[in-house]
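Structure assessment
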Amino acid sequence: EDVLAGGGALDGLRVLISAGGTREPIDAVRFIGNRSSGRMGFALAEAAKRRGANVTVVAANVSLPRAPGIEYVDVTTAAQLADACSERFDACDVLIMAAAVADYRPEEAHGGKLKKDQTGAELNLRLVRTTDVLSSLADRRRPGQLLVGFAAEHGDGALAYGRSKLERKKLDAVVVNDVSGAGIGFDAADNEVWIVTADGEHHVPKTSKDAVAAAILDSVLSRSSSNDT
Ligand code: CTP
Ligand code: CA
């Protein structure tokens, strides 16, 4: 059967979405974070829910209203996001990684609040790599599972970087947005994206994140029947 094709009826499909931006602690009150608001991931979750999907959102530091009928799992750090996604991955049919996940974290977080008289004129933070959640989940995917990544790129080469992530992470689609433009992408109401698949690129001109979410579900899910063996 072809549950993903057509106008987007996602009845009974289990969709796991990560949203927001992770925070890596420096001390008890400070962190390294990013400007992701979670709006794109939440818009995707609500659009998938409206189409009948069973939706779980792993939300990293998102302060947006929650929609009824969607399960939300709140996390803070990249490691917590990795655990939350890993626990739920086997049970999902579609994974959409819209979260901005930290690539590095402070090697150790200070227990209390750092004081200037402890640290002096300079404070050196040593950062270490986090796990690539999406790549590690792609490595253990089962046949028929659909994996969608995001790539927030800055300026020239955005599409090429997106395509290389598609291949390197073994994904079905990568949603590329060029975050160098004003009023789109991070912490903005609108977005403009290219949906990159093995078949080519689909451009979604600047529009609301709800409309972008609908376009992503349409174009990514409708072509997945070929993959749905
Ligand atoms: N991602 C992830 N785990 C990470 C980093 C990224 O799962 N530790 C996911 C993101 O959620 C996104 C995709 O990988 O769906 C691409 O993220 P991006 O930051 O664009 O790519 P990176 O592989 O981290 O490469 P770089 O930041 O160097 O461009
Ligand atoms: Ca990254």
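Small disclaimer: the values here were computed from a predicted structure and weren't measured. (Residues numbered from 1 in each chain as written. Chains lettered and ligands numbered in written order. Predicted model: local features only at pLDDT ≥ 70, side-chain atom pairs only at ≥ 80, totals over all residues. Heavy atoms only, no water.)

With respect to the overall build of the protein chain
- A tally of regular secondary structure across the protein chain gives six helices and 12 strands.
- Its C-alpha atoms give the protein chain a radius of gyration of 18 Å, within 12% of the compact-globule value 17 Å for 229 residues.
- Taken along its principal axes, the extent of the C-alpha atoms in the protein chain is 65 × 35 × 35 Å.
- Counting only contacts in the protein chain whose residues sit at least 6 apart along the sequence, the fraction spanning at least 24 positions is 64%.
- Approximately 11300 Å² of the protein chain is accessible, and the part contributed by carbon and sulfur atoms is 48%.
- Side-chain charges in the protein chain split into 27 positive and 32 negative, and the spacing between the mean points of these groups amounts to 4 Å. (Helix = DSSP H or I, 4+ residues; strand = E, 2+ residues; numbered from the N terminus. Rg over C-alpha atoms; globule rule 2.2 N^0.38 Å. Contact = heavy atoms within 4.5 Å. Areas by Shrake-Rupley, 256 points an atom, 1.4 Å probe, with all protein chains shown as cover. Lys, Arg positive; Asp, Glu negative; His and termini not counted. Charge placed at Lys NZ, Arg CZ, Asp CG, Glu CD.)

Brief notes about the nonpolar core
- The biggest cluster of nonpolar side chains holds 36 residues, and the ones touching the most others in it are L44, V55, V57, I96 and L217.
- Within the residue set of this core, elements represented by two or more residues are β1 (14-20), α1 (39-50), β4 (54-60), β6 (94-97), β9 (146-153), β10 (173-178), β11 (190-197) and α6 (209-222). (Core = buried A, V, L, I, M, F, W, Y, C linked by side-chain atoms within 4.5 Å. Buried < 20%, exposed > 50% of the residue type's maximum accessible area, 1.4 Å probe, protein only.)

Digging into the UniProt feature "binding site: CTP" (unreviewed entry) in the protein chain
- The UniProt entry lists D103, K113, F150, K165 and K169 under the feature "binding site: CTP" (unreviewed entry), expressed in the numbering used here. These residues run over 67 residues, and the two farthest C-alpha atoms among them are 37.9 Å apart, placing them at more than one spot.
- Residues contacting K165, with those up to four places away along its chain left out, are A151, E153, K170, L171 and V174.
- Classification of K169 as buried rests on a relative accessible area of 15%. (UniProt positions renumbered as here; feature names shortened; annotations may be inferred.)

What to know about the pattern of salt bridges
- Under the defined criterion, the tally for this structure stands at 13 salt bridges.
- Among the ionic pairs, R14 bridges to D93, the shortest N-O distance being 3.2 Å. One end of the pair, R14, is in strand β1; the other, D93, is in the loop between α2 (78-89) and β6, and 79 residues separate them in sequence.
- The closest approach of N and O atoms between E107 and R126, which form a salt bridge, is 3.4 Å. Placement of E107 in the loop between β7 (104-106) and α3 (116-119) and of R126 in the loop between α3 and β8 (127-129) is noted, with a sequence separation of 19 residues between them. (Salt bridge = Lys/Arg side-chain N within 4 Å of Asp/Glu carboxyl O.)

Some details on the coordination of the calcium ion (ligand 2)
- In this structure, D103 (OD) and D103 (OD) serve as the protein donors to the calcium ion (ligand 2), at separations of 2.3 to 2.6 Å.
- Along the chain, the position of D103 falls in the loop between β6 and β7. (Donors = N, O, S within 2.8 Å, 3.2 Å for Na, K, Ca; no water.)

Remarks on the site of ligand 1
- In the vicinity of ligand 1 there are 17 residues, among which M97, A99, L134, K165 and K169 approach most closely.
- Here an oxygen atom of ligand 1 sits 2.8 Å away from a polar atom, N or O, in the main chain of M97.
- Separating an oxygen atom of ligand 1 from a backbone N or O atom of L134 is a distance of 2.8 Å.
- Residue assignment for the shell around ligand 1 shows that the elements contributing at least two residues are α4 (133-139), β9 and α5 (158-168).
- At four residues, the largest contribution of residues to the shell around ligand 1 is made by β9.
- For the shell around ligand 1, the class distribution of residues is nine nonpolar, three polar and five charged. (Near = heavy atom within 4 Å. Polar contact = N/O pair within 3.5 Å; in protein donor to acceptor, adjacent residues only side chain to side chain. Nonpolar A, V, L, I, M, F, W, Y, C, P; charged D, E, K, R; others polar.)

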